[in-house]
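Here is how the chains run, residue by residue.
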Amino acid sequence: MIQNPILPGFHPDPSICRVGKDFYIVTSSFSYFPGVPIFHSRDLKNWEQLGYVLDRPEQLPCSYEMLSGGIFAPTIRYHDGTWYMITTNMSMGCVNFIVTADAPEGPWSAMHVIEGADGIDPSLFFNDDGRAYYTGTTRAGDEHGSYQAIWCSEIDLHEMKLVGERKILWRGALVDAGSPEGPHLYKKDGWYYLMIAEGGTEHFHAVTISRSKEVMGPYTGYEGNPILTHRHLGADYPICNVGHADLVELEDGSWYMVMLASRLMGGYHKILGRETFLTPVRWENGWPVVNPGVGKVEFTCPSPESLPEQPEAIGVLPISTDTDFTEGMLGMEWNEIGTPGKEFYRLTGRNLQMKLLKNEVVPWELDGLEADVFLRIPKFGRGGGKAGFLGRRQQHPDFDAEVKLAFAPESGESTGITVIQNDANQLRAELCLDADGKPAVQCVRTVTVIRDEKQYFEETVLGAVPVSELGAGGDADCVPLCLRVEGRQTCYTFLASTDGETYHPVVSADGSFLGSETCGGFIGAYIGIFAACDSEDREKWVDFLHFSYKGC
């Protein structure tokens, strides 16, 4: 059996393709860099990360201020010796582009921007005659008003431009369907199938499908739509908001589907964000049946009988992290926020050093702006700013994470460990100076509140412990300090130690507000380390000596 999710933690909008015996998946990465992680498997159960499609700054212009900007919904396809990844960069003003490669591990090309391609969630389809087609979303209108729909055009992939007729294919299964998006075209048994997501990416998310005898339509929706949704299962079903799917055919003619979904934690809270799940598909009377006999996504999935399980269980990412930062480079699990610009961290061979930057982990530039994410995005995303942050996904409902650092804070300086969700929403334990000018560890909660359709950030100090009360060495100017966070569902407990043996609790905090249903946006929680100051960047560095993360 295959365990779901196959890509745990924040891995939304999966797209899959098969070449021979090999399967490849890419997922959305939004404003985290490097962008668009790419994974490989031969059995659909065990996945290894090959790297990132967008691993150079010029491929991913985006800003640190908005975590839910950047890359939306990549699609990966292979044709005639070339790999294609097509996606949207919202931080560039909703720009759709393609990168290509000779091998899935890269290197991938510079961006090929597709002029005239509006909307989001682009996909590519290669017809039997070798002609290629672009699908995406658009806004259209008729006598009844404006609506969102799926459109299609032939695309010349040598010139990287749209050619010929542009046509709306489908508006979704429901009348006035909410957010028809995520389109993918397939051809099977003489029919062209257009599969999309609709209903929005939260609780009412769904997968629907239509078909046509001609690639440009007209398309007729399936009477059995939606072919997949969990919106009818109630708020206590442990896997929710399934949707944004992609299909893959195996060598033996069987089919599987990948899709995004979220695991619930401590009630209706989706702190891990949208993850990648897998389920079988069977075709009946010309239409796909998802997980036959069950009709929903489960935590286990039948393994394909035709695929031998890989002898070594590779796993997705390093599920655990345990590093002294002496390897000379960061592991693939690590990301920063926004396009790299100024140097803010360095690996010395003995540890990791992070520079104090004026931009805190909280993007105060967004304070007081529009609550609607799509109204905020055009005001940011041009790069230039940077936050001193490095982090990895939270992949388990229960986990332990710890950082060991050495730093002597001065006024306006802070460093530590944080659990961060969309934009400002976070819990963090930070080393700073207290009101008496003494080093202390304080736990801070930052939340987003909406008033009059504007977004504001509010911070609360939940608890604090003077470093002098932590035991051995606590009175020294710069003593190694261990900060630990223990996550248990929606409860996050922060502890501190100066000797790595005796830990003093700082506070236990309710982290239920860290779910996407509360924070908004499109990402999942990260566990990260940071260094910040309240004025101009300082030529001062924090020493990070060790970091660990493991699920419980």
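Structural data are supplied above this passage.
So, here's what we can say about the structure. (Residues numbered from 1 in each chain as written. Predicted model: local features only at pLDDT ≥ 70, side-chain atom pairs only at ≥ 80, totals over all residues. Heavy atoms only, no water.)

**Side note on the overall build of the protein chain**
Broken down by element type, the protein chain carries 2 helices and 40 strands. For the protein chain, the C-alpha radius of gyration of 24 Å lies close to 24 Å, the compact-globule estimate for 552 residues. Counting only C-alpha atoms, the protein chain reaches 75 × 50 × 45 Å along its principal axes. Going through the 552 residues of the protein chain one by one, you find that 59% of them count as buried. Partitioning the contacts of the protein chain with sequence separation of at least 6, the portion at a separation of at least 24 is 61%. Accessible surface computed for the protein chain: about 20,600 Å², of which carbon and sulfur atoms make up 48%. Looking at charge distribution, the protein chain has the averaged site of its 44 positive side-chain charges lying 2 Å from that of its 76 negative ones. (Helix = DSSP H or I, 4+ residues; strand = E, 2+ residues; numbered from the N terminus. Rg over C-alpha atoms; globule rule 2.2 N^0.38 Å. Buried < 20%, exposed > 50% of the residue type's maximum accessible area, 1.4 Å probe, protein only. Contact = heavy atoms within 4.5 Å. Areas by Shrake-Rupley, 256 points an atom, 1.4 Å probe, with all protein chains shown as cover. Lys, Arg positive; Asp, Glu negative; His and termini not counted. Charge placed at Lys NZ, Arg CZ, Asp CG, Glu CD.)

**Concerning the side chain of threonine 498**
Inspection of the secondary structure puts threonine 498 in the loop between β37 (491-497) and β38 (504-510). On the accessibility criterion, threonine 498 (9% relative accessible area) is buried. Reaching out from threonine 498, the side chain makes a polar contact with the backbone oxygen of leucine 470 at a distance of 3.3 Å. (Polar contact = N/O pair within 3.5 Å; in protein donor to acceptor, adjacent residues only side chain to side chain.)

**Digging into the sheet that holds strand β5 (residues 35-41)**
The 4 strands are arranged β2-β3-β5-β6 in an open sheet whose pairing can be described as antiparallel. Where the open sheet ends on each side, the last strands, each with one partner, are β2 (15-19) and β6 (48-54). Neighbour to neighbour, the strand axes of the sheet diverge by 25 degrees on average, direction disregarded. With 5 bridges connecting them, β5 and β6 associate as antiparallel partners. Looking at β6, one finds that phenylalanine 39 is bridged to glutamine 49. (Pairing = 2+ DSSP bridges. Axes fitted to C-alpha atoms, helices over the stretch in contact; angles between N-to-C directions.)

**Here we look at the environment of asparagine 89**
Tracing the sequence through the fold places asparagine 89 in strand β8 (residues 82-89). Between the C-alpha atom of asparagine 89 and that of glycine 70, which follows or precedes it by 19 residues, the distance is 4.9 Å. Setting aside residues up to four positions removed in sequence, asparagine 89 forms contacts with Leu60, Pro61, Gly70, Ile71, Cys94, Val95 and Phe97. Here the side chain of asparagine 89 touches methionine 92 through a polar contact of 3.3 Å, landing on its backbone nitrogen.

**Describing the environment of valine 297**
Secondary-structure assignment places valine 297 in the loop between β23 (287-290) and β24 (300-301). Since its relative accessible area comes to 0%, valine 297 is described here as buried. Those residues in contact with valine 297, other than ones at most four positions away along the chain, are Asn4, Leu228, His230, Tyr237, Ile239, Val242, Met259 and Phe277.

**Remarks on the pattern of salt bridges**
Here the structure, examined in full by the defined rule, presents 27 salt bridges. For arginine 42, the salt bridge identified is with aspartate 22, shortest N-O distance 2.8 Å. Taken together, the positions of arginine 42 in the loop between β5 and β6 and aspartate 22 in strand β3 (residues 22-26) put the pair 20 residues apart, joining distant regions of the chain. Aspartate 189 is the salt-bridge partner of lysine 188, the closest N and O atoms lying 2.7 Å from each other. Judged by its relative accessible area of 19%, lysine 188 is buried. (Salt bridge = Lys/Arg side-chain N within 4 Å of Asp/Glu carboxyl O.)

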